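# Architecture and fold: a report
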Amino acid sequence: QVQLVESGGGLVQPGGSLRLSCAASGFPFSSYLMRWYRQAPGKEREWVATISTASALTNYADSVKGRFTISRDNAKNTLYLQMNSLKPEDTAVYYCKASSRVSNMEYWGKGTLVTVSS
């Protein structure tokens, strides 16, 4: 059974930090490209960050560049998103996504809510 389970969301004040985790199981995590997406209330889902299989490459949306850091621990089958200097506009449900180039398989987590408010 394939599972992607996000955790670490919650309420944080502007300027604060949170670290999100995405625990993966049921598929070869280390062979999959991983991404974070987010969806704010009433808006379309948007891409946030990407990390390659062995962490050699990372990419970020302009809106989070310099504030967020994507990382992964293949030994623990876990993806992370460190979020610093949080802004109210970062408020959204955050989702992790796994993608296999060779098989064309994609998996999504159910999301974790991040609320940035004073």
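Residues numbered from 1 in each chain as written. Predicted model: local features only at pLDDT ≥ 70, side-chain atom pairs only at ≥ 80, totals over all residues. Heavy atoms only, no water.

## So, the overall build of the chain
For the chain, the count of helices and strands is zero helices and eleven strands. Reading the helices (α) and strands (β) of the chain from amino to carboxyl end gives β-β-β-β-β-β-β-β-β-β-β. In terms of overall size, the chain behaves like a compact globule, its C-alpha atoms giving a radius of gyration of 14 Å where 118 residues would be expected to give roughly 13 Å. Projected onto its principal axes, the C-alpha coordinates of the chain cover approximately 45 × 25 × 25 Å. Taken across its 118 residues, the chain has 42% of its residues classed as buried. Across the chain, the fraction of contacts at a sequence separation of at least 24, relative to all contacts at a separation of at least 6, is 53%. Per element, the accessible surface of the chain, about 6400 Å² overall, is 47% carbon and sulfur. Looking at charge distribution, the chain has the averaged site of its 13 positive side-chain charges lying 4 Å from that of its 8 negative ones. (Helix = DSSP H or I, 4+ residues; strand = E, 2+ residues; numbered from the N terminus. Rg over C-alpha atoms; globule rule 2.2 N^0.38 Å. Buried < 20%, exposed > 50% of the residue type's maximum accessible area, 1.4 Å probe, protein only. Contact = heavy atoms within 4.5 Å. Areas by Shrake-Rupley, 256 points an atom, 1.4 Å probe, with all protein chains shown as cover. Lys, Arg positive; Asp, Glu negative; His and termini not counted. Charge placed at Lys NZ, Arg CZ, Asp CG, Glu CD.)

## A look at the pairing of strand 3 (residues 18-25)
Across five bridges, the pairing between strand 1 (residues 3-7) and strand 3 is antiparallel. Counted as the bridge partner of Gln3 is Ser25 from strand 3. Pairing geometry for strand 3 and strand 8 (residues 78-83), over six bridges, is antiparallel. Looking at the pairing, Leu20 lines up with Leu81 of strand 8. (Pairing = 2+ DSSP bridges.)

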